[in-house]
Structures are given as structure tokens and as C-alpha cells.
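# Structural features, examined
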Amino acid sequence: MTMARIGAFLLVSGLLVVGCGSPEAAEPPPDEQRVSMVTELAPGAAQAVAESVNRFGFDLLGELADGTENAITSPVSAAALLAMVLAGTDGDTAAELADVLHLTDARDARAGALLAALADTDDVTLSAANGLWTDDQIPIEPDYLAFVRDQFAATPATADLAAPETAAAIDDWVNEQTEGRIPTIAEDLGLPSEDLAAVLLNTVYFLAEWSTQFDPAQTVDRPFTLPGGEPVPVPMMHLREQSLAVTNRDGYRMLRLPYGETGRYGMEILLPDAPDGLPRLLDQLDEAEWEAATAALGEQTMTELALPRFELRWQATLNDRLQALGAQRVFDPAAADFTPMSPADLYLDRVVQKTYLRVDEAGTEAAAVTGGSVGVTALQPELVFVVDRPFAFTISDTETGAILFLGAVTDPRG
């Protein structure tokens, strides 16, 4: 592969980094080769970087969702990917991208350390693995490789990215690490191709049981009002006479359903007061409002909770959204500065995120993969909480305050 034909440096980031794969000639890294990240956050640093990630997440959701269609994004996943991209940029390119991420340091090691802190729990299942495949024809700066290895636990290895078997091996690896929930990523990233320089992969799998599970026998079809006003039947799960954290806000209510024994992780459901209130909610929702709402949560006995059972898959190309947030130069072949990554003229070609979310009587299963290609220029009164209309949600960690997933559900049928 000649320098003229090298097309892209591909990165794929998942939600959490708790270990890494050590790929060899595009073979899936075995579990025993996983290693722990060594960077630790100073007291208060996890919350600080979580605030930055959350702010970016709500910025991104504002570009992705208008309340008329489903949108499920993972802000930690996208931030982790872009933090690795950011580490390879310099000058105005780095300044713009750092501003979008609400970071001040182009090589902010806290982003990787936050992921390790999130995974430090026995209350839910959080598994992840990293793998880095590089082509020996592209010069990648050793310092950049060391940063990705040390802060994101990715071990570099060489592979023939033009070979179909390499693409198949990468898909097999992603499929295995996400328990089959995100079975492919290679084609989305342009593999196989002679015009690719490297592939950096991070996968995540999240599985958690509700602290109080729903009784499947109580699940019945009930109407759910779509954005246009049409009611459609969906399977609605029920809890009754349960003490849950809830708060009333301007135009919506928030309720938190905890996971596991400790409730460190939980799903926050943001239910608009009106059936057509989701667009207004999304307009007012940002990190500050979400933080204020979660801080106002208080335990109350819920007479009835009804929540749709659903399984959704979602994906989107984030280029336009990230550019709208201010990341312009990184996508511009004539302006992007990737000198810390490579002496070649690089630019961010595309960013794609794929997510999976299942909510049922037992709990929640979720997965996220974010991919970026870097191209070469080359009572209280009776309380009822019936989620029978479009709603927003977050899945967050009370210890760090970080949001793992957030989104808007307008049609739980998928």
C-alpha cells in the first residue's frame, strides 16, 4: 500500500474501557490478554470529567433528536472516541474539538480513567475490550500510540486491512465482545480496503437487573401515543406500591429505576406532562437541568408505574452534528492538523455510532460502538407514572454522575 492510496485511520470506541485486547494479525484478542488501565483519577476528577462528558452528550442529543423519532446515543462512547482523536490533533483543530468535548487539554487522560472508574462495580455487568490494528505502510507517531495504549489500554498490532478475512475477523471480535448485540462494524468503516491505515476498536456490553423486577404476568398491552397523536398498543410492564425516586420539573417528571443491590446505576425516565411535550423537553434539557433534576429526586411510594417493554437498535453518522457543535477543522482535509498522530496529512473522514437497548421485566441490556475514520489527503397523594407517550431517558452512575446512555423514545415498537 503506497502513501498515495492510504485512505483512513479508523477508530471505534465503545462505552467503557476496562481492559484491552492484544490483536495479532487481525485475530480476535483472547480474554486472558486483557489488562487493566493504570491511570487513576484524583478525588473529584471523575465528577469533573463526567460533567464535561454529560454536557457534550446533551449537546449531541440536541443535534440528533427533535422528538419525532427514536434516538439512542452513548455520550461516554462518543466522548471516548473523540478524546482519542483529539490526542492526535494539534493547533486550531485540537482547540475546536476540545471545545466541543468541553475539555481543555488535548491529551486529557481523565477520559480513559473515567471509563475504568465506571467499570469498577459488581452491581452490574460492564465489559469492554480494545483492539488496535495498524498497517505497516503508514507512519504513526510512537508517542500517540503510547498514549492510546496507556490511557485507553489498546495494544497495537499489524494486519492486512485490504483482506476480507481481516474485516470478518474484526466483525467476529465486535460481535463476540457485545454478546451479539452489535454484530458488524467493518463495512460501516470501509473495510476491507487498501486505502486504510489502521483500525482501533473498543466494544462495550452492559447488562443490569432492576433492583425490583417487574412481574411478567402483569405485562399487558396498553396504548402508547405516537408523536402524531395515533395511539398504538405496546406491551406495558407494571410495578405497584413501590418506593421510587421521583421529582416534578417544569413541563416533565423524572423517575429513577435503580439497578442491582446498591442502585449505583439506574435508568432515569423523563416523562413530559403533555403527549406532544417531548420536543419542548429536549429543547430545555442540558447537563445543568439534568443535574438539577437528579439532585431533586426524592423517594415516594408510587401507586403505579407503567413502562413499555422495548428493544431498539439505532445508528447515525455524526459528522454534520459534530460540525454543527463547532468541530469544523477536524473534518476539513485542507485545515485539519493531525501532526501528533502522523506526519501524513490526515483529517476526520466520518464518525458513526451504533447502539442497542433492550428494556424488559428483568432489567436492561445495552451496547454501543462509535467509529471514526481519519482520512489521509490524502403518598402522599396517589401517584401514577404511566409512560404512555414519547419520553426521554438516561442511564447514569450516581457515584461519578456520568451518563452512560441517553435518548428519546417516540415509538417503542422500534
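Residues numbered from 1 in each chain as written. Predicted model: local features only at pLDDT ≥ 70, side-chain atom pairs only at ≥ 80, totals over all residues. Heavy atoms only, no water.

## Some thoughts on the side chain of Glu-365
Following the sequence through the fold, Glu-365 ends up in strand S13 (residues 363–376). At 3.0 Å, the side chain of Glu-365 and the side chain of Arg-181 are in polar contact. In this structure the side chain of Glu-365 is engaged in a polar contact, spanning 2.8 Å, whose partner is the side chain of Arg-358. If we ignore the near neighbours within four places in the chain, the residues touching Glu-365 are Arg-181, Tyr-205, Phe-206, Leu-207, Tyr-356, Leu-357 and Arg-358. (Helix = DSSP H or I, 4+ residues; strand = E, 2+ residues; numbered from the N terminus. Polar contact = N/O pair within 3.5 Å; in protein donor to acceptor, adjacent residues only side chain to side chain. Contact = heavy atoms within 4.5 Å.)

## Thoughts on the side chain of Arg-358
Relative to the helices and strands, Arg-358 resides in strand S12 (residues 346–359). Overall, Arg-358 belongs to the buried group, its relative accessible area being 19%. Of the polar contacts made by the side chain of Arg-358, one reaches the side chain of Asp-360; its length is 2.2 Å. (Buried < 20%, exposed > 50% of the residue type's maximum accessible area, 1.4 Å probe, protein only.)

## Brief notes about the packing of helix H1 (residues 45–64) against helix H8 (residues 287–295)
The contact between H1 and H8 brings their axes to 8 Å, and the two run at 115°. For the pair formed by H1 and H8, the contact residues are Glu-51, Asn-54, Arg-55 and Phe-58 on the first element and Glu-287, Trp-290 and Glu-291 on the second. Its residues assigned to classes, the contact of H1 with H8 comprises 2 nonpolar, 1 polar and 4 charged. (Axes fitted to C-alpha atoms, helices over the stretch in contact; angles between N-to-C directions. Nonpolar A, V, L, I, M, F, W, Y, C, P; charged D, E, K, R; others polar.)

## Regarding the confidence of the model for the protein
Mean pLDDT for the protein: 84, with 89% of residues reaching 70 or above. Considering each helix and strand of the protein separately, the mean pLDDT is smallest for strand S1 (residues 8–14), with a value of 42, and largest for strand S8 (residues 252–258), with 98. Of the regions scoring below 50 in pLDDT, residues 1–38 engages in 162 contacts with residues more than four places distant in sequence or in other chains. (pLDDT = per-residue confidence, 0-100.)

## Here's the deal with the pattern of salt bridges
In total, this model carries 18 salt bridges according to the counting rule given. A salt bridge links Asp-143 to Arg-107; the shortest N-O distance between them is 2.6 Å. Highlighted residues: Asp-143 in helix H5 (residues 142–152) and Arg-107 in the loop between helix H3 (91–100) and helix H4 (110–118), separated in sequence by 36 residues. Measuring nitrogen to oxygen at the nearest pair gives 3.1 Å for the salt bridge that ties Lys-354 to Asp-188. Placement of Lys-354 in strand S12 and of Asp-188 in the loop between helix H6 (164–177) and strand S5 (196–209) is noted, with a sequence separation of 166 residues between them. This pair shows no difference in class: Lys-354 is buried, exactly as Asp-188 is. (Salt bridge = Lys/Arg side-chain N within 4 Å of Asp/Glu carboxyl O.)

## Quick look at H3
Taken residue by residue, H3 has Thr-93, Ala-94, Leu-97, Ala-98 and Val-100 as its buried positions. Taken around the axis of H3, the buried residues stretch over an arc of 155°, which confines them to a single face. Looking one or two places after H3, you find His-102, whose phi comes out positive at around 60°. (Arc of directions from axis to C-beta.)

## Re the packing of aromatic side chains
For any pair of aromatic rings, the description consists of the separation of the ring centres together with the inter-plane angle of the planes. Scanning all chains against the criterion turns up 8 aromatic pairs. When the centroid spacing of 6.5 Å and the interplanar angle of 70° are considered together, the rings of Phe-224 and Phe-391 count as edge-to-face. Here Phe-224 matches Phe-391 in class, with each residue buried. (Phe/Tyr/Trp six-rings, centres within 6.5 Å; stacked < 30°, edge-to-face > 60°.)

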